[in-house]
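A structural walkthrough
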Amino acid sequence: MKILITGGAGFIGSHVVRRFVNTYPEYQIVNLDKLTYAGNLENLTDIEAKENYTFVKGDIVDQSFIEDLFEKEKFDCVVHLAAESHVDRSISNPLEFVMTNVVGTVNLLNAFKTHRTNPDGFFYHVSTDEVYGELGDSGKFKETTPYDPNSPYSASKASSDHFVRAYHVTYGLPVKLSNCSNNYGSHHFPEKLIPLFINNIQNNKPLPVYGKGENVRDWLFVEDHASAIDTIFHKGTNGETYNIGGNNEWTNIALVKLLCKLMDSKLGRPKGTAEELISYVKDRAGHDFRYAIDSTKLMTNIGWRPSLQFEEGLSKTIDWYLKNEEWLNHVTSGAYMDYYKEQYEER
Ligand code: NAD
Ligand code: TDX
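To keep things clear, this report deals only with the structure shown in the data block.

Cut-offs used in this document
Residues numbered from 1 in each chain as written. Chains lettered and ligands numbered in written order. Predicted model: local features only at pLDDT ≥ 70, side-chain atom pairs only at ≥ 80, totals over all residues. Heavy atoms only, no water. Near = heavy atom within 4 Å. Polar contact = N/O pair within 3.5 Å; in protein donor to acceptor, adjacent residues only side chain to side chain. Areas by Shrake-Rupley, 256 points an atom, 1.4 Å probe, with all protein chains shown as cover. Helix = DSSP H or I, 4+ residues; strand = E, 2+ residues; numbered from the N terminus. Buried < 20%, exposed > 50% of the residue type's maximum accessible area, 1.4 Å probe, protein only. Axes fitted to C-alpha atoms, helices over the stretch in contact; angles between N-to-C directions. Parallel < 35°, antiparallel > 145°, perpendicular 65-115°, else oblique. Left-handed = near helix turned anticlockwise from the far one by under 90°. Contact = heavy atoms within 4.5 Å. Nonpolar A, V, L, I, M, F, W, Y, C, P; charged D, E, K, R; others polar. Phe/Tyr/Trp six-rings, centres within 6.5 Å; stacked < 30°, edge-to-face > 60°. Salt bridge = Lys/Arg side-chain N within 4 Å of Asp/Glu carboxyl O. Pairing = 2+ DSSP bridges.

Near ligand 2, the surroundings consist of 21 residues, among which E130, Y153, R284, H287 and Y344 are the closest. A distance of 2.8 Å is found between an oxygen atom of ligand 2 and a backbone nitrogen or oxygen belonging to Y210. Protein burial of ligand 2: of its 650 Å² of free accessible surface, 94% is covered by the chains. Mapped by element, the contributors of at least two residues to the shell around ligand 2 are α6 (193-202) and β8 (207-210).

Pasting the structure below:
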């Protein structure tokens, strides 16, 4: 079986590629990635020489390139993760999110529809819980929760989800979808809360908490997201959506304080050192208050379970960043400095 994984050089994609390449030597895995600021082949050095793995550099928005690739490779299945993924960047530049997340997804759907030859093959779209909008103090997102996206990022992901469903209904294209909560773990680009704050604590820089820090996120270890994708890929039903979550809600400020405590202890600094870096800054525009996922369908119908408790996962994550300073130095040089200045200097 030949599987195209898009966005495999990014944070979650690299964990999915690694899992598929190592677990299924009988599958041919092709990783297609544009290598934007968020894509990094250093994320995949441990598997790059494997016989069942190939990397292709390319842009999913480039229609003729995508058509040619699908015509030549005749993929059995697609696991689509390539996307612009950062909410703050979507607020500054929405059109780039429409291009990659919407136009890019439709290009892939068209090419797969035209060139697929395996009747059992399918298109698996990896999406986010942010498509459901925000929750108040109670309740959880179910697969049946109406879509209500608030940021340009979540609007673009909601749109791409709708196109995937529409191709299933209109053209009978076999599809699977999943909508996951916030991930954390190794190789996470340091624009997102957890890796950004790990990096800033190491470098004694302020920790910019948006608003009052009371927003709530449901955190899942990235390898558990990859195991859920593996489970849905193999056992999920055609045309269905599965919600994936960690059942692990934290206010941002409580999470930041836990991170500070763990960092002080790992860096051998006196208790309370990192917390002094907390700085409350201007809130994100349209900041969703709370996300929480109900994963009952995935757990009861096809038997997935997360493997790690949060403190253990966070501790492993910090250890990875402390051991991989070179990776952090590479990704935080150059364009990252301009991004950081633009996002945080005037905040
Ligand atoms: P990421 O930003 O770390 O990686 C995205 C990857 O896509 C990068 O390797 C990038 O080079 C590639 N890419 C971007 N534009 C491309 C294009 N036009 N053509 C080809 N490749 C392109 O993102 P991530 O956090 O790993 O997220 C992966 C997927 O999972 C996304 O679809 C995202 O919406 C979804 N998701 C993320 C989270 C999360 O917490 N990070 C949670 C739920 C769902
Ligand atoms: O500097 C910051 N300060 C801060 O308080 C940053 C970067 C974030 N935050 C807050 C905003 C959110 O409430 O922390 C929370 C988490 O922020 P992000 O890491 O930017 O993630 P979020 O906006 O929740 O979206 C993430 O989860 C769902 C991913 O980026 C998406 O790709 C995924 O779909």
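Assignment of secondary structure puts K297 in helix α9 (residues 296-302). Among the residues examined, K297 registers a relative accessible area of 19% and is labelled buried. At 2.7 Å, the side chain of K297 forms a polar contact with the backbone oxygen of T241.

Where helix α2 (residues 63-73) contacts helix α4 (residues 94-115), the two axes come as close as 9 Å, and the packing angle between them is 30 degrees. With respect to α4, the axis of α2 lies roughly parallel. In this structure, α2 meets α4 at a crossing whose hand is right-handed. Where α2 abuts α4, its residues Q63, I66, E67, F70 and E71 lie against N107, L108, N110, A111, F112 and H115. Grouping the constituent residues of the contact of α2 with α4 by class yields five nonpolar, four polar and two charged.

Under the counting rule described, the total for this entry stands at 23 aromatic pairs. Note on Y321 and W327: the rings are 6.1 Å apart at their centroids and 75 degrees apart in plane angle, and the pair reads as edge-to-face. Residue Y321 is classed as buried on the basis of its relative accessible area, which comes to 0%. With 6.4 Å between their ring centres and 45 degrees between their planes, Y336 and Y339 make a pair best called tilted.

This brings us to the site of ligand 1. Taken together, 28 residues are adjacent to ligand 1, and I12, D33, S85, Y153 and K157 come closest. In the environment of ligand 1, an oxygen atom lies 3.0 Å from a nitrogen or oxygen atom belonging to the backbone of G10. In the complex, 97% of the free accessible area of ligand 1, which totals 830 Å², lies under the protein chains. Only α1 (11-23), β5 (123-128), α5 (152-171) and β7 (182-184) provide two or more residues apiece to the shell around ligand 1. In terms of residues, the shell around ligand 1 owes the most to one element, β5, which gives three residues. Considered class by class, the residues forming the shell around ligand 1 number twelve nonpolar, twelve polar and four charged.

So, on to the pattern of salt bridges. This model, assessed by the stated rule, comprises twelve salt bridges. Measuring nitrogen to oxygen at the nearest pair gives 2.8 Å for the salt bridge that ties R284 to D88. A residue pair is termed long-range when its members are at least 10 positions apart, and R284 in the loop between β12 (278-281) and α9 and D88 in helix α3 (residues 87-92) qualify at 196 residues. For the pair shown, R284 and D88 are each scored as buried.

Our focus in this paragraph is the environment of N215. Looking at where N215 falls in the secondary structure, it is placed in the loop between β8 and β9 (216-221). Given a relative accessible area of 8%, N215 falls into the buried group. The contact partners of N215, leaving out residues within four places of it in the chain, are W250, T251, N252, H287, D288 and F289.

Pairing within the open sheet is parallel, and its seven strands lie in the order β3-β2-β1-β4-β5-β6-β10. Single-partner strands in this sheet number two, and they are β3 (53-57) and β10 (241-244). The sheet shows a mean angle of 20 degrees between the axes of neighbouring strands, direction not considered. Inspection of the sheet shows strand β1 (residues 2-6) paired to strand β2 (residues 28-33) by five bridges, in the parallel sense. Bridged to I3 within β2 is I29.

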